[in-house]
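# Summary of structural features
Okay, here's what each chain looks like letter by letter:
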Amino acid sequence: MEWQFLFELSVNGLLTGMMYALIAVGFVLIYKSTDAINFAQGEFVMIAAIVVAGMATNYGFPLIAAIAVGLVFMIVFNLALERFVLRPMIGRPIVAIIMATIGLALVLQGAGPLVFGAGTKPLDIGVPDEPLIIGPLFMTPIDVVGAAISIAFLAVFGWFFMKSRKGVAMRAVADSHMTSIAMGINVERYFALAWILAGVVALLGGLVWGSAIGVDTQMAALGLKVFPVVILGGLDSIIGVVIGGLIIGLVEALAAGYVDPFVGGGTKDFTPYVLMILVLMFRPYGMFGKPIIERI
Amino acid sequence: MFHRESGYFKTSYQADMALYPLPIAKYTIWAFLAIFFVACPMLLDEYHLSIINLVAIAVVGVLGLNILVGYTGQISIGHAAFMSVGAYTAANLATKLDLPFWLTVPLGGLMAAFIGILVGIPSLRIKGLYLAIATLAAQFIIEWIINHTPSISGGVAASIEMPRPVFFGMELANQAELYYFLMFIMVIAIIGALNLVRSRIGRSFIAVRDQEIAAEIIGINVFKTKLIAFAVSSFYAGVCGVMYTYYLGIANYENFQLITSIDYLAMVIIGGLGSILGSIFGAAFITMLPIVIRLWMEAFGSIFVDDAALAQVIAQFRLIIFGGLIIVFLVVEPDGLAKLWQNIRNYFRTWPFSY
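A quick note: this is a predicted structure, and the numbers were derived from the prediction, not measured.

## Things to note about the overall build of chain A
Assigned secondary structure in chain A consists of eleven helices and two strands. Along chain A, helices (α) and strands (β) appear in the sequence α-α-α-α-β-β-α-α-α-α-α-α-α when read from the amino end. A compact globule built from 296 residues would reach a C-alpha radius of gyration of about 19 Å, and chain A, at 19 Å, matches this within 12%. Its C-alpha atoms put chain A at 60 × 50 × 35 Å along the principal axes. Each of the 296 residues in chain A was classed as buried or not, and the buried ones make up 49%. Long-range pairs, those at least 24 residues apart, make up 75% of the contacts in chain A with a sequence separation of at least 6.

## Observations regarding the overall build of chain B
Counting its regular elements, chain B contains 15 helices and four strands. For 355 residues, the compact-globule estimate of 2.2 N^0.38 gives 20 Å, and the C-alpha radius of gyration of chain B, at 21 Å, lies within 12% of that figure. Judged by the C-alpha coordinates and their principal axes, chain B covers about 65 × 55 × 45 Å. Split into buried and exposed, the 355 residues of chain B put 45% on the buried side.

## Description of the confidence of the model for chain A
Here chain A shows a mean pLDDT of 83. Residues at 70 or above account for 97%. Mean pLDDT across the elements of chain A bottoms out in strand β1 (residues 132-134) of chain A (72) and peaks in helix α3 (residues 63-86) of chain A (89).

## What to know about the interface of chain A and chain B
Residue-level contacts link 41 residues of chain A with 39 residues of chain B. Looking at the side of chain A that touches chain B element by element, the count peaks at 17 residues for helix α4 (residues 94-116) of chain A. Its residues assigned to classes, the side of chain A that touches chain B shows 33 nonpolar, five polar and three charged.

## Some words on the packing of helix α2 (residues 41-58) of chain A against helix α8 (residues 187-213) of chain A
All names here are of chain A. At a closest axis distance of 7 Å, the pairing of α2 and α8 adopts a crossing angle of 65°. When the axis of α2 is compared with that of α8, the two are roughly perpendicular. You can see that α2 and α8 cross each other, and the crossing is right-handed. Counted together, Q41, F44, V45, M46, A48, A49, V52 and A53 of α2 and A198, G199, A202, L203, G205, G206, L207, W209 and G210 of α8 form the full contact between these two elements.

## Description of the nonpolar core
Grouped together as the largest cluster of nonpolar side chains are 198 residues, with contacts concentrated most on A24, A49 and V52 of chain A together with V60 of chain B. Setting aside residues no more than four positions away along its own chain, A49 of chain A makes contact with L123, G206, L207, W209, G210, V215 and M219 of chain A.

## Section: helix α12 (residues 258-271) of chain B
Residue and element names in this part refer to chain B. Between its first and last C-alpha, α12 extends 20 Å over 14 residues, near the 20 Å set by a 1.5 Å rise per residue. With twelve of 14 residues buried, α12 is to be regarded as a mostly interior element. Regarding α12, the residues found buried are T260, S261, I262, D263, Y264, L265, A266, M267, V268, I269, I270 and G271. G272 sits one or two residues past α12 and shows a positive phi near 135°.

## Things to note about the domain arrangement of chain B
Residue and element names in this part refer to chain B. Taken domain by domain, chain B holds domain 1 (1-40) and domain 2 (44-349). Here the C-alpha centre of domain 2 lies 26 Å away from the C-alpha centre of domain 1. Each partner contributes to the interface: domain 1 provides eight residues, whereas domain 2 provides seven residues. A class-by-class count of the residues in the side of domain 1 that touches domain 2 yields five nonpolar, one polar and two charged.

## What about the packing of α3 of chain A against α8 of chain A?
Residues and elements named next belong to chain A. In the contact formed by α3 and α8, the axes pass within 8 Å of each other and the chain directions differ by 145°. You can see that α3 and α8 cross each other, and the crossing is right-handed. Within the contact between the two elements, α3 uses G70, L71, M74, I75, F77, N78, L79, L81 and E82 and α8 uses F191, A192, W195, I196, A198, G199, V200, A202 and L203.

## Some details on the environment of G245 of chain A
Position of G245 of chain A relative to the elements: it lies in helix α10 (residues 238-263). Leave out the neighbours within four places in its chain, and G245 of chain A touches G17, M18, Y20, A21, A24 and V229 of chain A.

## Re the confidence of the model for chain B
Where the model shows low pLDDT, its predicted coordinates should not be examined in detail. The pLDDT averaged across chain B works out to 85; a share of 94% of its residues lies at or above 70. Among the prediction metrics, the complex's ipTM stands at 0.84, with pTM recorded as 0.88.

Cut-offs applied
Residues numbered from 1 in each chain as written. Chains lettered and ligands numbered in written order. Predicted model: local features only at pLDDT ≥ 70, side-chain atom pairs only at ≥ 80, totals over all residues. Helix = DSSP H or I, 4+ residues; strand = E, 2+ residues; numbered from the N terminus. Rg over C-alpha atoms; globule rule 2.2 N^0.38 Å. Buried ≥ 20, exposed ≤ 12 C-beta atoms within 10 Å, placed from the backbone. Contact = placed C-beta atoms within 7 Å. pLDDT = per-residue confidence, 0-100. Nonpolar A, V, L, I, M, F, W, Y, C, P; charged D, E, K, R; others polar. Axes fitted to C-alpha atoms, helices over the stretch in contact; angles between N-to-C directions. Parallel < 35°, antiparallel > 145°, perpendicular 65-115°, else oblique. Left-handed = near helix turned anticlockwise from the far one by under 90°. Core = buried A, V, L, I, M, F, W, Y, C linked by C-beta atoms within 7 Å. Expected span 1.5 Å × (residues − 1). Domains from an automatic or database assignment.

Printed below as a string of structure tokens:
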């Protein structure tokens with residue numbers, strides 16, 4: 001019985017971890033190519049889900065059409081954002097860029113409910129609610145679907161970065177802006193591409209998480225849950241995101257299962273950060289992050 | 001602050017470091033003290049004084065954060081957690097040991113400084129964005145520990161009722177009486193910060209911010225400097241937390257959550273990074289912004305939305321305006337209100353004979 005409990009916690013934790021990785025990859029994309037960290041990634045996920053759910057419930061759009069509207073919205077919004085907010089910020093101190101994205105997060109938290117209403121909306125992407133039972137294991141179907149989507153997307157992503165021409169160019173931009181310019185790469189276009197991709201990732205995350213926990217401003221808290229994942233793996237590593245996601249998902253589930261009964265709850269929100277600090281003490285750039293070499 | 005310094009050139013280091021560049025600066029300061037310590041309490045009612053009280057509390061907190069972020073270049077998203085350390089320390093000391101305010105205020109600050117040093121230790125290795133998120137972790141961890149330790153948080157709802165400060169047998173019970181108490185601490189905090197940033201330590205803060213390796217080469221102990229910055233910043237935060245606790249009459253962790261940290265970062269950014277005057281501007285601006293928005297919305301909001309939904313719409317509008325202002329300031333005037341003030345002064349410096 002004891003082993004079965006452990007096994008069940010671990011499997012569900014790993015599934016949640018894969019879903020975290022789906023959101024976390026948005027951070028990595030932005031950081032890798034533009035050296036900015038996007039504190040509003042959780043809000044991107046939220047706003048994408050709110051647009052899709054709002055279109056579907058408030059205006060009676062069919063799901064596919066609502067998703068299409070969400071996709072167009074995220075692409076246009078992120079393009080505008082890159083052009084008018086983030087591009088003027090290039091070369092500013094880190095705290096300025098952090099604050100700009102925090103300001104953006106606040107705007108989105110206010111604007112989403114203002115336009116589409118503040119109540120929690122359901123988002124049904126056609127995944128059944130009954131728990132999936134395989135032998136002794138209980139799983140939530142949306143977790144399984146979410147993890148599957150996440151794995152599929154990360155695989156496509158890996159292919160894109162390693163093989164496609166645009167992906168290689170993006171890696172070059174991430175490596176060195178100056179060299180990329182010298183090699184004839186239009187760096188600004190790839191910045192825009194990175195933000196668009198982050199928007200698409202946020203839409204996927206919004207669909208999966210929205211149908212798992214319901215769509216309202218609470219979804220923005222996902223952004224905070226995902227920070228330990230990104231930092232653990234290293235801010236600029238896609239492999240790191242997957243491994244970080246799995247570790248955090250596992251630790252969260254085990255802490256909730258084994259520690260919570262003794263200390264009265266809440267360890268789920270707190271253990272990932274403790275783990276993150278411990279890892280940072282030994283590896284200041286996460287497990288797979290690229291160390292920054294300082295020069296005068 | 002208001003004087004024009006046309007034709008005044010500094011010729012010695014002493015002149016450059018002086019607190020008052022010209023005698024008129026000293027008179028301006030005295031005039032301000034007279035306005036705030038004599039005129040305001042006489043002319044304003046209790047509600048307006050309570051707003052100035054809030055600004056005074058915020059000024060202390062912002063000065064602390066500006067010393068860390070603006071002067072030393074270390075990012076902290078956990079400032080509110082240090083305030084809560086100060087607040088709960090003071091509340092426990094005041095209720096369990098019956099200590100008077102002139103002990104609880106510095107002791108709350110010292111406890112926060114101690115925790116701040118602990119949080120600052122990783123800053124030697126962890127830098128930039130990673131440090132930002134490490135301080136975010138500190139925010140969550142400190143909040144969780146306070147919340148889950150009944151001996152610190154006072155058990156039910158994690159709040160402790162705070163006795164009013166007693167000044168020579170006189171209990172400071174209402175806002176008008178608290179006004180002098182809070183303003184006095186604020187003035188000391190401002191003088192302390194002004195003197196800190198023109199001292200050797202303050203200059204080494206700036207050196208570390210501008211180029212860490214270069215600072216190390218010219219003989220600054222970078223680790224020690226960063227720890228001092230964390231300690232001073234957290235001390236200010238702790239004192240700010242104690243002030244806020246005395247102001248509210250209750251210590252509650254809900255006043256010191258992540259959103260408060262973000263508020264204070266916004267005050268630093270909008271006021272001006274690395275500017276004492278900017279800290280004061282930023283604190284006043286951000287503290288009064290929600291009050292002004294609420295007044296406007298209550299006056300004009302009912303034209304657009306019905307009254308039932310108004311409260312919620314006000315909250316949403318506040319977020320949008322607040323976030324939007326941060327972005328606009330960062331894009332248009334990255335040096336904040338302090339720089340705007342500087343621009344106005346520069347314009348009038350040679351006015352009316354600009355050429």
